[in-house]
Amino acid sequence: MQIYDTEINSRLLVGTAQYPSPAVLVDAINSCRCEIVTVSLRRENADGSGTGFWDTLRQTGTRILPNTAGCHSVQEAVTTAQMARELFRTNWIKLEVIGHADNLQPDVFGLVEAARILCAQGFQVFPYTTDDLVVGEKLLEAGCEVLMPWGAPIGSGQGLRNPDALRGMRAHFPNVPLIVDAGIGRPSDACQAMELGMDAVLLNTAIAKAGDPAAMAQAMAQAVDAGRAGYLADPMERRNMAIPSTPILGMAELA
Amino acid sequence: MITIAGGGLAGLASAYELARREASVRVFDPGDCPGSNSVARFAGGMLAPWCEGESAEDEVVTLGALAADWWAQVTPVCRRGTLVVASPRDTPDLTRFARRTSAHRPVKGAEISELEPALSGRFQHGLFFEGEAHLDPRRALRDLAQSLQDMGVELLYDTPTPALVDLDCTGMAADLPDLRPVRGEMAILHCPEIEITRTLRLLHPRMPLYLVPRGDGHYMIGGTMIESSSTRPPSLRSLTELLSAAFTLHPAFAEASVVEIGAGLRPAFPDNLPRIITHNGRLHLNGFYRHGFLLAPAMAARLADQIFPGGKR
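With an unreviewed UniProt entry as reference, chain B is termed FAD-dependent oxidoreductase, source organism Parasedimentitalea maritima.

As annotated in an unreviewed UniProt entry, chain A carries the name Thiazole synthase and comes from Parasedimentitalea maritima. Turning to chain A, the UniProt annotation filed under Catalytic activity (unreviewed entry) states: "[ThiS sulfur-carrier protein]-C-terminal-Gly-aminoethanethioate + 2-iminoacetate + 1-deoxy-D-xylulose 5-phosphate = [ThiS sulfur-carrier protein]-C-terminal Gly-Gly + 2-[(2R,5Z)-2-carboxy-4-methylthiazol-5(2H)-ylidene]ethyl phosphate + 2 H2O + H(+)". The Sequence similarities (unreviewed entry) comment attached to chain A in UniProt states, word for word, "Belongs to the ThiG family."

Next comes the structure, spelled out in structure tokens:
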């Protein structure tokens, strides 16, 4: 899978918040063999003061995708992205502009505006968006080359609330990498997203808050692989009626 | 003579365990009074091993279970348990918390009102950890220092640490590999119109809150967990979350006076467990993360056994 100019092998991207400890986080990263981890940046880290934790992440050898989690305005998101570029020395930014305090859904108007600003500044933007096709088009126009539609509200673990919309996105944007971001709760959710033809899955809470994060990370990786393989294998269509799986023709007549 | 650098929680607890074994002990601290430089000043003072088991290793629960009895030797310990509650919309978090912890029982609205009449009618579901306790961290540091002086330990304040000491308990100042700061923010409220008698935890997806009674209408609320070495005062975002969570516990907190806000850096190793380690020839006790009052007694005893094996118990 190619995202911007980078070739990626693992289709599971992992967030780094809410783990019981950095040691548990590192175990989880190792057990799912993800290549990309997201890291949120806060203002108090602007002077590089989060380095203890970041050093731990760097030691895993994964590629860091900084995010603008918790930003509620275009200006905040743009400033955070610029800080992240300085601190992590990467043009990648996972862009979140949160529009609602309760369900943390993206403010898609602010998102498009921030994406336009950041793409013009040379960022490679990974926008956290809804499953709205028109918003997706505007983000591509703004310069994004990947879309990250939600499956369900962040941290809710509800799975894919609207699989039809994601299917529609796949059909509408056949050549754009689509990463389901947010809402995955169980391995079956991740598998379903991949079966729909999504290119990858990004999740955090489902692993971090599992009783055994490393085991859940591995389960998620396996689910992503299974879903991808299933999608590529071109699944059969569903029918309303039964069809015997053993042919009737040529059966012995036992009368 | 055993010399200790750092008169914070780890240093004082270690001095106590050594002195109990009849070692002579001298503690050096750059501050002017017990714990004045210690991040323990900003601690909640919860002795809540079973609640911590939700996200901590089993060892925290095992070692922490001894803490209340240890502290009761030197300072008042309030043994009224911990009450964990959640808003109706966060009930899944309560279910999960119950599944991940032990030594609790579910309580319904009526029993919550019995335990804490001030919360009457406010929460329908909760968990009660009857065996847990809390103390006042600043008083505990003072009382511990007083006990040490009574035992003949020399506590030298405003005193630079000599180049050679037997034990280093200087927290974030120690510059150990893999030791990282985890920033925490807190506030102290004065709200005499509410009487809450035990530690409360409010589960919340963004920021779990704890509230610890300090007596005389004072309540400590905390605490954030931020991977940062910034020592700036608490941010408005953090305070907004903490204070609005207090308001969720009881609307009367709206009229509370905010008498103090503070931020500190908890020293932590990657597994968030404390360690006794030797680095560059010096012995260290460090990395108490958010479990200082909970784990200092057990770790200090382990350390004393290690460096003063001939001592009495």
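Right, let's talk about the overall build of chain A for a bit. Looking only at helices and strands, chain A has nine helices and 10 strands in total. Relative to its length of 255 residues, chain A is compact, with a C-alpha radius of gyration of 20 Å against a globular reference of 18 Å. With the principal axes as the frame, chain A shows a C-alpha extent of 85 × 40 × 35 Å. Counting over 255 residues, chain A shows a buried share of 53%. Here the contacts in chain A between residues at least 6 apart in sequence split such that 67% fall between residues at least 24 apart. Taken as a whole, chain A presents about 11,900 Å² of accessible surface, with 49% of it coming from carbon and sulfur. Here chain A contributes 19 positive and 28 negative side-chain charges, whose respective centroids are spaced 1 Å apart.

This part covers the overall build of chain B. Each helix and strand in chain B was counted, giving nine helices and 16 strands. The C-alpha radius of gyration computed for chain B amounts to 19 Å, which stays within 12% of the reference 20 Å derived for 313 residues, consistent with globular compactness. The principal-axis extents of the C-alpha atoms in chain B amount to approximately 60 × 40 × 35 Å. Taken across its 313 residues, chain B has 57% of its residues classed as buried. In chain B, the proportion of contacts linking residues at least 24 apart, taken out of those at least 6 apart, comes to 76%. Accessible surface, chain B as shown: approximately 12,900 Å² in total, 51% of it carbon and sulfur.

To continue, consider the interface of chain B and chain A. Opposite the 19 residues of chain B that make contact, chain A presents 20 residues. Of the roughly 1,600 Å² buried where chain B meets chain A, counting both sides, 45% is carbon and sulfur surface. Here chain B is connected to chain A by one salt bridge. The closest approach of N and O atoms between E76 of chain A and R237 of chain B, which form a salt bridge, is 3.3 Å. Where chain B touches chain A, the interface holds seven residue pairs in polar contact (both at pLDDT 80 or more). Contributing elements (two or more residues each) for the side of chain B that touches chain A: α5 (91–100) and β10 (180–190) of chain B. For the side of chain B that touches chain A, the residue count by class is three nonpolar, five polar and 11 charged.

It is worth spelling out the UniProt feature "domain: FAD dependent oxidoreductase" (unreviewed entry) in chain B at this point. Under the local residue numbering, the UniProt record ascribes the feature "domain: FAD dependent oxidoreductase" (unreviewed entry) to residues 2–305 of chain B. With 29% helix and 27% strand, residues 2–305 of chain B has end C-alpha atoms that lie 13 Å from one another.

The rules we used
Residues numbered from 1 in each chain as written. Chains lettered and ligands numbered in written order. Predicted model: local features only at pLDDT ≥ 70, side-chain atom pairs only at ≥ 80, totals over all residues. Heavy atoms only, no water. UniProt positions renumbered as here; feature names shortened; annotations may be inferred. Helix = DSSP H or I, 4+ residues; strand = E, 2+ residues; numbered from the N terminus. Rg over C-alpha atoms; globule rule 2.2 N^0.38 Å. Buried < 20%, exposed > 50% of the residue type's maximum accessible area, 1.4 Å probe, protein only. Contact = heavy atoms within 4.5 Å. Areas by Shrake-Rupley, 256 points an atom, 1.4 Å probe, with all protein chains shown as cover. Lys, Arg positive; Asp, Glu negative; His and termini not counted. Charge placed at Lys NZ, Arg CZ, Asp CG, Glu CD. Buried area = accessible area lost by both parts, 1.4 Å probe. Salt bridge = Lys/Arg side-chain N within 4 Å of Asp/Glu carboxyl O. Polar contact = N/O pair within 3.5 Å; in protein donor to acceptor, adjacent residues only side chain to side chain. Nonpolar A, V, L, I, M, F, W, Y, C, P; charged D, E, K, R; others polar.

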